[in-house]
Structures are given as C-alpha cells and as structure tokens.
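What follows is each chain in one-letter form.
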Amino acid sequence: MKKVLILEDEVSIRSFVVINLKRAGYEVVEAGAGMEALEKLKENPDVGVAILDIMLPDIDGFEVCRNIRATDKRIGIIMLTARSQEMDKITGLMTGADDYMTKPFSPAELTARIDALYRRISSDGGGDSIELSQGPFVLNTRNRTLDKEGRRIKLTQVEYAIMRLFMQNPGRALSREDILTSVWGRDYDGELKIVDVNIRRLRIKIEDDTANPSYITTVWGFGYKWGA
Ligand code: CA
C-alpha cells in the first residue's frame, strides 16, 4: 500500500488529513513534531510522500525537509504553508521540497498532489537503460542519475524530471506550461512559479556560473531552453 507521512501539530488539521488520505487508499503515518517525524521516517522507510507543516513546536518544517533530503532524494515532499507566506514557499522549495499547499486546502486537492508525486516516483523505474549524453552531462534514465564531467549531481525527483525533459529536447524552447504539464502532470493545479523556483535550484546544481547560465537558458516571456 502507498504510504504517506503527515507532520502537523494541529490535531484537528492532522485528523482531517488522515481521514481523507485513508479514504483515498493511503496508509498514513502521523507525527505532531519535527523530531518525531524524522524518527517515524526511519521506522517507515517505505514512505513515498511526506507532508510537512512549517510552524511546529520543536524544529520547523524547513529543517525537517533539509534533514530528510540530506539522506533521501527520492521521497516526495509537500510543504504546508499558511496563507501569505510567500517567501516561505520559496524557501521551502529551495531546501528541497517538491511542492507546497496553502492552508486551507481541500482534501481532493491534497490527494491529487500526492497522487501526482507518487506517479513521478514510480514512473520509468524499469525498462531499458538509456543514457542521454550531452556536453559534460550524462543522464541515466534507469538509475535516474545525472553526472557532470563524471561527478554525480544529487537531484530531487522533480529536478531529475526537468533534466530528463530538457535532455530529451535539446535546443528546443519549452514553455513554462510545457514543463509544468510534463513534470507535474496534466491535472496539476498549482502555480507556474513552481517551475521557476525549481529551475533556479537546478541551475545552482548544474551551471558553471549560476549568474550567467549557459546550459539552462531563459527564453524571455516564454520559458526555458536546454543548450548543453
Ligand atoms: Ca503548525
């Protein structure tokens, strides 16, 4: 069964999420504090998606996120933010979250986001090993790895999916909508900005000079182009 962790200290919100996720067919692991969530994840290595609240009684959700990402690039992470925490959204994504949801949210929306993350995690796991080699980069679609000049670059699932899309479409301008649809799924109803935030993070990891990106170039008013 697909397993999800929900970290939320407000019992009413947490119970509401738990009930709805169970109804949607997920097994749910609950935590009410940051350290507890990290413990529970150790006990449940098969958790595929973690939902993290930001304001918590001990360590905050960003720190929990960083802690998870230090050892696990595969797990999907969704941050829960309060309304008008615009900067929090960005910071959350910069520390390795895949998505965010603003409170209050509908259970159907949360389930759709989790389903989308799960699809991405389980997609293209098998099949032929395909290596895409461009410039200094080698992308292996079976191992889901990216190397630059022989050095492994650690990517989140979202970053990997974006890199694969780019390397399958070299030299082609991709609109932000194209990227959103391809990476997050057709039924994703989040904001286009999530594309820019992930591209910015990806540039930090892969560009020689982040201020003057030469691999992922911006197509003004449209989107991005891969030109390794
Ligand atoms: Ca809270």
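Our structure's up above, just so we're on the same page.
Read on for a plain summary of the structure. Since this is a predicted model, take the numbers as computed values, not measurements. (Residues numbered from 1 in each chain as written. Predicted model: local features only at pLDDT ≥ 70, side-chain atom pairs only at ≥ 80, totals over all residues. Heavy atoms only, no water.)

**Here's the deal with the overall build of the protein chain**
We apply this condition: In DSSP terms, a helix is any run of H or I states spanning at least four residues, a strand is any run of E spanning at least two, and both are numbered starting from the N terminus. The size measure is the radius of gyration over C-alpha atoms, and the globule rule it meets is 2.2 Å times the number of residues to the 0.38 power. Contacts are assigned to residue pairs that have any heavy atoms within 4.5 Å of one another. Only the protein chains shown count as cover for residues, with accessible areas throughout obtained via the Shrake-Rupley method and a probe of 1.4 Å. Here the positive residues are Lys and Arg and the negative ones are Asp and Glu; neither His nor the chain ends is included. Throughout, a charge is located at the NZ atom of Lys, the CZ atom of Arg, the CG atom of Asp or the CD atom of Glu.
Helices and strands together make up the secondary structure of the protein chain, namely eight helices and twelve strands. Taking 228 residues into account, the globule formula puts the C-alpha radius of gyration at 17 Å, and the protein chain, at 18 Å, falls close to it. Along the first, second and third principal axes, the C-alpha atoms of the protein chain reach 50 × 35 × 30 Å. Within the protein chain, counting contacts between residues at least 6 apart in sequence, those at least 24 apart form 58% of the total. About 10,600 Å² of surface is accessible on the protein chain, with carbon and sulfur atoms providing 51% of the total. For the protein chain, the separation between the mean place of its 33 positive charges and that of its 35 negative charges on side chains is 3 Å.

**Some words on the sheet that holds strand E3 (residues 47-53)**
Filter applied, for reference: DSSP calls a pair of strands paired once it identifies at least 2 bridges connecting them. Lines fitted to C-alpha atoms define the axes, with helix axes restricted to the stretch in contact, and inter-axis angles between N-to-C directions lie between 0 and 180 degrees.
Taken in spatial order, the five strands line up as E2-E1-E3-E4-E5 in an open sheet, and their pairing is parallel. Edge strands, defined here as strands with exactly one partner in the open sheet, are strand E2 (27-31) and strand E5 (99-102). Each neighbouring strand pair of the sheet contributes to a mean axis angle of 20 degrees, computed without reference to strand direction. Contacts from helix H1 (residues 11-23) reach strand E1 (3-7), E2 and E3 within the one sheet, and its direction differs from that of E2 by about 165 degrees.

**Brief notes about the nonpolar core**
Which entries qualify depends on this criterion: In plain words, nonpolar cores are sets of buried Ala, Val, Leu, Ile, Met, Phe, Trp, Tyr and Cys residues tied together by side-chain atoms within 4.5 Å. Per-residue accessibility, obtained with a 1.4 Å probe over protein chains only, is compared with the maximum for each type, and a residue is labelled buried under 20%, exposed over 50%, and partly exposed between these values.
Among the nonpolar cores identified, the biggest contains 29 residues, and Ile179, Trp184 and Ile206 are the most heavily contacted of them. Counting residues per element, the ones that place at least two in this core are strand E7 (137-140), helix H6 (157-168), helix H7 (176-184), helix H8 (193-206) and strand E12 (223-226). Top element by residues in this core is H6. It accounts for eight residues. Each residue touching Ile206, except ones within four places of it in the same chain, is listed here: Phe137, Leu146, Lys148, Ile153, Met163, Tyr215, Ile216 and Trp226.

**Overview of the coordination of the calcium ion**
Four donors placed tetrahedrally around a metal ideally meet at 109.5 degrees, and six donors placed octahedrally ideally meet at 90 or 180 degrees. Counted only if it meets this: Coordination shells were defined by N, O and S atoms within 2.8 Å of each metal, extended to 3.2 Å for Na, K and Ca; water is absent from the atom set, which can make sites look incomplete.
Coordination of the calcium ion by the protein involves Asp9 (OD), Asp53 (OD) and Met55 (O), with metal-donor separations of 2.1 to 2.3 Å. Taken in chain order, the donor set of the calcium ion reads D-x43-D-x1-M. You can see Asp9 sitting in the loop between E1 and H1 and its partner Met55 sitting in the loop between E3 and helix H3 (61-71), a full 46 residues away along the chain.

**Some thoughts on the packing of aromatic side chains**
The criterion, for reference: Centres within 6.5 Å are what make two rings of Phe, Tyr or Trp a pair, Trp counting through its six-membered ring; a difference in plane orientation under 30 degrees is then read as stacked, over 60 as edge-to-face, and the rest as tilted.
In total, this model carries five aromatic pairs according to the counting rule given. Plain terms: the ring middles of Tyr215 and Trp226 are 6.2 Å apart, the flat faces sit at 35 degrees to each other, and that makes the pair tilted. Taken together, the positions of Tyr215 in the loop between H8 and strand E11 (216-219) and Trp226 in strand E12 put the pair eleven residues apart, joining distant regions of the chain. For the pair formed by Tyr215 and Trp226, the shared burial category is buried.

**Details of the packing of H7 against H8**
Note the cut-off: Any angle between 65 and 115 degrees counts as roughly perpendicular, while under 35 counts as roughly parallel, over 145 as roughly antiparallel, and the rest as oblique.
Between H7 and H8, the shortest axis-to-axis distance is 9 Å and the interhelical angle comes to 85 degrees. Looking at the two axes, H7 sits roughly perpendicular to H8. Of H8, the residues touching H7 (which contributes Arg176, Ile179, Leu180 and Trp184) are Lys193, Ile194, Val195, Asp196 and Asn198.

**Topic: H6**
Cut-off, in case you're wondering: Every helix has an expected span of 1.5 Å times one less than the residues it contains.
End to end, H6 covers 16 Å across twelve residues, agreeing with the expected 16 Å (1.5 Å per residue, within 8%). Where H6 is concerned, the buried positions are Gln157, Val158, Glu159, Tyr160, Ala161, Ile162, Met163, Leu165, Phe166 and Met167.

**As for the sheet that holds E11**
With antiparallel pairing, three strands are arranged side by side in an open sheet as E10-E12-E11. The open sheet has two edge strands with one neighbour each: strand E10 (173-175) and E11. Taking each pair of neighbouring strands and ignoring which way they run, the sheet shows an average axis angle of 35 degrees. Direction of pairing for E10 relative to E12: antiparallel, over a ladder of three bridges.

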